[in-house]
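So the chains spell out like this:
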Amino acid sequence: LAVPFAGATLIPLFHDRPNLRDAVTLSTAGLLAVAAWRLLPHVLAGARPEARMFDVVPGLSVAFQVEPLGMLLALVAASLWVVNSIYSIGYMRANEEPRQTSFYVCFAIAIGATIGLAFSKNLFTLFLFYEFLTLSTYPLVTHKANAEAVRGGRVYLLLLIGSSMLLLLPAIVGTWMLAGT
């Protein structure tokens, strides 16, 4: 979970050195993919690694647990990040796209949020990382920074945050009230 966030911290340090910035992006993507694939045999053997970060209130914590379905999502996200990085670097450079560094930073954060979603132990953690994913992908949606992209970004936020607040959050609260967990 920490790998993409560490990459997001390192990438901007090399803003003025595109080759190093891109190397950090690719290295971080590769490291995450290797870490995810190395975890797979343990999960297939029945292990369910978990970590509880902190309690928000008694009985409600931000916690992670690796289980088979989440492992599948993490493998797909981590593996595709490598492919996406190779493509993005070529595309961004060939088209002389502005804001390349911010693109790679936001993409790393989005992958970190996806891994957080995949390994969520409870619905509260899933909800937090879903919202984090939405917010981290907004700059990717508005990357062109023209009027159309900004308009699309507003619609994107309205649909995703609106639907999660109106549908997902009440469903989580209802589940907690009915099931006690």
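Here, residues in each chain are numbered from 1, in the same order as that chain's written sequence. Thresholds applied to this predicted model are a pLDDT of at least 70 for local features of residues and 80 or more for the giving and counting of side-chain atom pairs; totals over whole chains, interfaces and linings are not thresholded and use all residues. For side-chain calculations, the full set of non-hydrogen atoms in the structure is used, while hydrogens and water are omitted.

Draft legend 1. The overall build of the chain, seen in detail. Put simply, DSSP H or I for four residues or longer makes a helix, DSSP E for two residues or longer makes a strand, and each gets a number counted from the N terminus. For the chain, the helix and strand inventory stands at 6 helices and 2 strands. Along the chain, helices and strands appear, N-terminal first, in the series α-α-β-β-α-α-α-α. Taking 181 residues into account, the globule formula puts the C-alpha radius of gyration at 16 Å, and the chain, at 18 Å, falls close to it. Viewed in the frame of its principal axes, the chain has a C-alpha envelope of about 55 × 40 × 25 Å. Burial statistics for the chain: of 181 residues in total, 37% are counted as buried. For the chain, contacts bridging at least 24 residues in sequence account for 66% of all contacts bridging at least 6. Summed over all atoms, the accessible surface of the chain reaches about 10,200 Å², with 71% contributed by carbon and sulfur. Neither His nor the chain ends is counted toward charge; the positive residues are Lys and Arg and the negative residues Asp and Glu. Positions of charges follow a simple convention, taking NZ of Lys, CZ of Arg, CG of Asp or CD of Glu. A gap of 2 Å separates the mean positions of the 11 positive and 9 negative side-chain charges of the chain. The globule rule used for comparison is 2.2 Å times the number of residues to the exponent 0.38, while the radius of gyration itself is calculated over C-alpha atoms. Between buried and exposed lies partly exposed: a residue is buried under 20% and exposed over 50% of the maximum accessible area for its type, with that area taken using a 1.4 Å probe on protein chains only. Here, two residues are considered to be in contact whenever any of their heavy atoms come within 4.5 Å of each other. Computed with a 1.4 Å probe, the accessible areas rest on the Shrake-Rupley method; for each residue, only the protein chains presented here act as cover.

Draft legend 2. Structural context of the pairing of strand β2 (residues 60-65). Summarising burial for β2: 5 of the 6 residues are buried, a large majority. For two strands to count as paired, DSSP must find a minimum of two bridges between them. The pairing of strand β1 (residues 50-57) with β2 spans 6 bridges and is antiparallel. Bridge assignment links R52 to a residue of β2, and that residue is A63. Counting the residues that bridge the hairpin from β1 to β2 gives 2 residues, and of these G59 lies at a positive phi of roughly 90°.

Draft legend 3. Representation of helix α1 (residues 2-10). Those residues of α1 that sit buried are P4, G7 and A8. Projection of α1 onto a plane perpendicular to its axis shows the buried side chains occupying an angular sector of 100°, all on one side. The outward face of α1, more than 90 degrees from its buried face, is lined by the exposed residues A2 and T9. Against the buried residues of α1 lie α2 (18-44), α3 (68-94) and α4 (100-118). Working note: the arc is built from the helix axis to C-beta atom directions.

Draft legend 4. Representation of the packing of α1 against α4 in the model. Every axis corresponds to a line fitted to the C-alpha atoms, with the helix fit spanning only the stretch in contact, and the corresponding angles, defined between N-to-C directions, vary from 0 to 180 degrees. As a packed pair, α1 and α4 sit with axes 8 Å apart at the nearest point and diverge in direction by 165°. As summarised for this structure, α1 and α4 are arranged roughly antiparallel, according to the angle between their axes. Both α1 and α4 take part in a crossing whose hand is left-handed. Facing P4, F5 and A8 of α1, the residues of α4 in contact are V105, A108, I109, I111, G112 and A113. For this classification, the nonpolar set comprises Ala, Val, Leu, Ile, Met, Phe, Trp, Tyr, Cys and Pro, the charged set comprises Asp, Glu, Lys and Arg, and every other residue, Gly included, is treated as polar. Across the contact of α1 with α4, the residue classes tally to 8 nonpolar, 1 polar and no charged. Any angle that is under 35 degrees is reported as roughly parallel, and any over 145 degrees as roughly antiparallel; angles of 65 to 115 degrees are reported as roughly perpendicular and all others as oblique. Rotating anticlockwise by less than a right angle from the far helix to the near helix defines a left-handed crossing, while the corresponding clockwise rotation defines a right-handed one.

Draft legend 5. Broad picture of the pattern of salt bridges. A carboxyl oxygen of Asp or Glu within 4 Å of a side-chain nitrogen of Lys or Arg is what we treat as a salt bridge. As enumerated under the stated definition, the model contains 5 salt bridges in all. One salt bridge in this structure joins R93 and D22, with 2.7 Å as the shortest N-O distance. Taken together, the positions of R93 in helix α3 and D22 in helix α2 put the pair 71 residues apart, joining distant regions of the chain. Residue classification places D22 among the buried residues on the basis of a relative accessible area of 4%. E50 is paired through a salt bridge with K121; the nearest N and O atoms lie 2.5 Å apart. Residue E50 is found in strand β1, and its partner K121 is found in the loop between α4 and α5 (123-141); the two are separated by 71 residues along the sequence. Accessibility expressed as a relative area gives 41% for K121, which makes it partly exposed. Linked through salt bridges whose partners overlap, the residues forming this network are R21, D22 and R93.

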